[in-house]
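# Structure at a glance
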Amino acid sequence: MREVVLDTETTGIDPRSGHRIIEIGCVELMDRRLTGRHFHVYINPEREVEEGALAVHGITDAFLADKPLFADVVDGFMEFVKGARLVIHNAPFDIGFLDSELQLMSSPYGCMADHCGVLDTLMMAREKHPGQRNSLDALCKRYMVDNSQRDLHGALLDAEILADVYLIMTGGQTALSLAGQGSDQDQSSNGVSAIRRIDPARRPALKVVQASESEMQAHVERLAAIEKAAGFALWNGRPAE
């Protein structure tokens, strides 16, 4: 299954107020593995970035002045995401802006739903962790994902971080190795990393620590106390005396 983890940065919070997309970042997953393919572009929104948005992502009007318009990048973007399931944190926000951009240019593409499925990781996180904070930063902390470079929001960086969070949240995968990464000796015939055995001659001997006589006696006394209090001991299958 092909999935594209996507994030955008914008001039403000509401496209109905004339706000526009200024950055799109995407990373590709194939069968839950990063392929190494990504799409990233900055966009001239033809309007000023609001002060509140600038504080979030740090992308200035001066930086965007010589960047392409959305109409100049839309073909490449749609080619990258076409047929994939988009994985987005707070999907209505990003999809709303993308649909707005398509409508503004009277695009033949229609709307995003005509080309992609969508999975909202914010909704998923709220179902898994009701009553808790489920921002991307909160999920990084919960799932121990390194987001130390995220001083400011950035579409490509946030997409990469979200990919990590999404894989852990949905399947426990903690390593985002690239598909086909590593030598042939490290890969099995189906492309999955093979088990690498350690040479017994090079494996350090395990240290065995025996319980002392006093520790064993304390253990026996503790088991007897538990059995007496409960009236039954699961470890011997008989009622306490």
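## Quick notes on the pairing of strand 5 (residues 117–120)
Summarising the sheet, strand 4 (residues 85–88) and strand 5 pair through 4 bridges and their orientation is parallel. From the neighbouring strand, I88 faces strand 5, where its bridge partner is D120. Handedness of the crossover joining strand 4 and strand 5 through helix 4 (residues 91–104): right-handed.

## What to know about the pattern of salt bridges
Scanning all chains against the criterion turns up 6 salt bridges. One salt bridge connects R85 with E3, and the closest N-O pair in it is separated by 2.5 Å. Here R85 is found in strand 4, whereas its partner E3 is found in strand 1 (residues 2–10), with 82 residues between them in sequence. We classify E3 as buried; its relative accessible area is 0%. For R20, the salt bridge identified is with E101, shortest N-O distance 2.9 Å. Here E101 lies in helix 4 and R20 lies in the loop between strand 1 and strand 2 (21–30), a separation of 81 residues in the sequence. Neither residue differs from the other here; R20 and E101 are each classed as buried.

## Some thoughts on the packing of helix 5 (residues 121–128) against helix 7 (residues 155–171)
At a minimum axis separation of 12 Å, helix 5 and helix 7 run at an interaxial angle of 40 degrees. Taken together, helix 5 and helix 7 sit at an angle that is classed as oblique. Crossing handedness for the pair helix 5 and helix 7: left-handed. Side by side, helix 5 and helix 7 meet where T121, M124, A125 and K128 of the first sit next to L162, Y166, M169 and T170 of the second.

## Structural notes on the sheet that holds strand 4
Strands sit in the order 3-2-1-4-5 across an open sheet of 5 strands; the sheet is mixed. The two strands at the open ends of the sheet, each matched to only one other strand, are strand 3 (33–42) and strand 5. This sheet shows a mean twist of 25 degrees between the axes of neighbouring strands, independent of strand direction. In this structure, strand 1 lies alongside strand 4, joined through 3 bridges in parallel fashion. Paired with V5 across the bridge in strand 4 is V87. Its contacts with the sheet place helix 3 (residues 70–81) against strand 1, strand 2, strand 3 and strand 4, and it is angled at close to 170 degrees to strand 3. In the packing of helix 7 onto the sheet, contacts are made with strand 1, strand 2, strand 3, strand 4 and strand 5, and the angle to strand 2 comes to roughly 35 degrees.

Parameters and conventions
Residues numbered from 1 in each chain as written. Predicted model: local features only at pLDDT ≥ 70, side-chain atom pairs only at ≥ 80, totals over all residues. Heavy atoms only, no water. Pairing = 2+ DSSP bridges. Helix = DSSP H or I, 4+ residues; strand = E, 2+ residues; numbered from the N terminus. Right-handed = clockwise from strand over helix to strand, strands pointing away. Salt bridge = Lys/Arg side-chain N within 4 Å of Asp/Glu carboxyl O. Buried < 20%, exposed > 50% of the residue type's maximum accessible area, 1.4 Å probe, protein only. Axes fitted to C-alpha atoms, helices over the stretch in contact; angles between N-to-C directions. Parallel < 35°, antiparallel > 145°, perpendicular 65-115°, else oblique. Left-handed = near helix turned anticlockwise from the far one by under 90°. Contact = heavy atoms within 4.5 Å.

That is the geometry; function is a separate question.
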